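Inside the fold
Each chain is listed here by its residues.
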Amino acid sequence: MSHLSARRFPWFGLLALAMAGFIAIMTETLPAGLLPQIKEGLRISESSAGQLVTFYAVGSLVAAIPVAVLTKSWRRRPLLLLSIFGFLIFNTVTALSSNYALTLFARFFAGVAAGVSWGQIGGYALRMVPEHLKGRGMAVAMIGTPIALSFGVPAGTLLGSFMGWRSVFWLMSLLAFILIFWILWKVPDYPGQPADKRVSVKQVLFTPGIIPILTVVLAWMLSHNILYTYIAPFLADVGLESQVGLILLIFGLMALVGIWITGMFIDRRLRMLVLASLAGFSLISLILGLWSGHMIVVFGSVALWGLTFGGAATLLQTALAQAAGEQGVDLVMPINTTVWNLAIALGGMVGGVLLNQWGAASFSWVMLALSLVALFVAGSAKKHGFR
């Protein structure tokens, strides 16, 4: 019986991890859809309201690796609970605050909580499932990410228009409160790393395969975020400014299909899925560069973009976990979080420069160059990176 239960797939525990990822992404991206209301509520400019996203990303970026190093010996569940408690506290402060500086402070530390939780989700998922289902376990644990990315901003914007922006942050606090009890109920505890088995950040980074995978993470996510961050001006450029909501919905639905396909095949075909996704994204970039004036081309490209992006987080984290091994997994995930957030920040900066200097039409060619670099590196990393 115990052997049978050990083999049983821990759906509820993995979905609790997915909820943690969902709350982290939602908390990060919500202000983007609520900027006009936050501007009014805090009596600030729209660009100042936009800094609520920036401060959160900076919190994740600066905290992920140092916190992982400092808490290596901690038991895993208390650390996970502490990060969820951070969302509860700092989203509540954001909902209550009428002071801009206090709100930025809360957003920074909500970002720190995200950095801690992202460092845990991947390693946790891998420990909870048997060896032959590790890829599928990761796919379930990561499903909150594409759902939040795809539907979070439109849903948050819609709720904000009915309930006011503060209520949306109260809702995030409520979800965190529920999740604390869910984790206590269904997520097992694991020990931290014993002193004699601890590895350093440097050792993990120079493990064969890690740097090529992180290079792919940076190039792929940078190219994705240039378009995702500036999708509205890109669509306005081709006369589809009224279709932003519909296009993001198509992207989101196809991303869910992408993560389903990934979950089905990742344990047997990880390398093939990575190369196919990057080849598909390169093709989309080329097509949008040549024929973005045609509505049918844009809609078809966005559908394929969602399909290729849906499984990206799962594929990349699974590849990193395989390359880092059991001793390195708790450190490689925070390193990945740092690189991922760096790509998001750079996507905003690079996309902004491209938009101002050469217009939205220039996005496709930079995306194509970056995705081809990622495809080349992934293709070359056959022995240690993407096996």
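Residues numbered from 1 in each chain as written. Predicted model: local features only at pLDDT ≥ 70, side-chain atom pairs only at ≥ 80, totals over all residues. Heavy atoms only, no water.

The name given to the chain in an unreviewed UniProt entry is MFS transporter, and the organism recorded there is Saccharibacillus endophyticus. Quoted straight from UniProt, the Subcellular location (unreviewed entry) entry for the chain says "Cell membrane". (UniProt positions renumbered as here; feature names shortened; annotations may be inferred.)

**A short note on unusual backbone geometry**
The phi angle at arginine 43 is positive, at roughly 55°, despite the residue not being glycine. Considering the arrangement of structural elements, one finds arginine 43 in the loop between helix H2 (11-42) and helix H3 (46-70). For arginine 43, a relative accessible area of 76% corresponds to the exposed category. (Helix = DSSP H or I, 4+ residues; strand = E, 2+ residues; numbered from the N terminus. Buried < 20%, exposed > 50% of the residue type's maximum accessible area, 1.4 Å probe, protein only.)

**Some points on the pattern of salt bridges**
Note on pairing: side chains with opposite charge can pair once their charged atoms come close. Tallied over the full model, the rule gives three salt bridges. Note that aspartate 330 is salt-bridged to arginine 76, the shortest N-O span being 3.9 Å. Linking aspartate 330 in helix H14 (residues 312-358) with arginine 76 in helix H4 (residues 76-96), this pair joins segments that are 254 residues apart in sequence. Take aspartate 330 and arginine 76: they sit in the same class, and that class is buried. (Salt bridge = Lys/Arg side-chain N within 4 Å of Asp/Glu carboxyl O.)

**Looking at the packing of H2 against helix H5 (residues 100-128)**
Here H2 crosses H5 at 160°, and the two axes come no closer than 8 Å. On the basis of their axis angle, the class for H2 and H5 is roughly antiparallel. H5 is crossed by H2, and the crossing has left-handed handedness. Residue-level contacts link Gly13, Leu14, Leu17, Ala20, Gly21, Ala24, Ile25, Thr27, Glu28, Pro31 and Leu42 of H2 to Tyr100, Thr103, Arg107, Ala110, Ala114, Ser117, Trp118, Ile121, Tyr124, Ala125 and Met128 of H5. Tallied by class, the residues present in the contact of H2 with H5 amount to 15 nonpolar, five polar and two charged. (Axes fitted to C-alpha atoms, helices over the stretch in contact; angles between N-to-C directions. Parallel < 35°, antiparallel > 145°, perpendicular 65-115°, else oblique. Left-handed = near helix turned anticlockwise from the far one by under 90°. Contact = heavy atoms within 4.5 Å. Nonpolar A, V, L, I, M, F, W, Y, C, P; charged D, E, K, R; others polar.)

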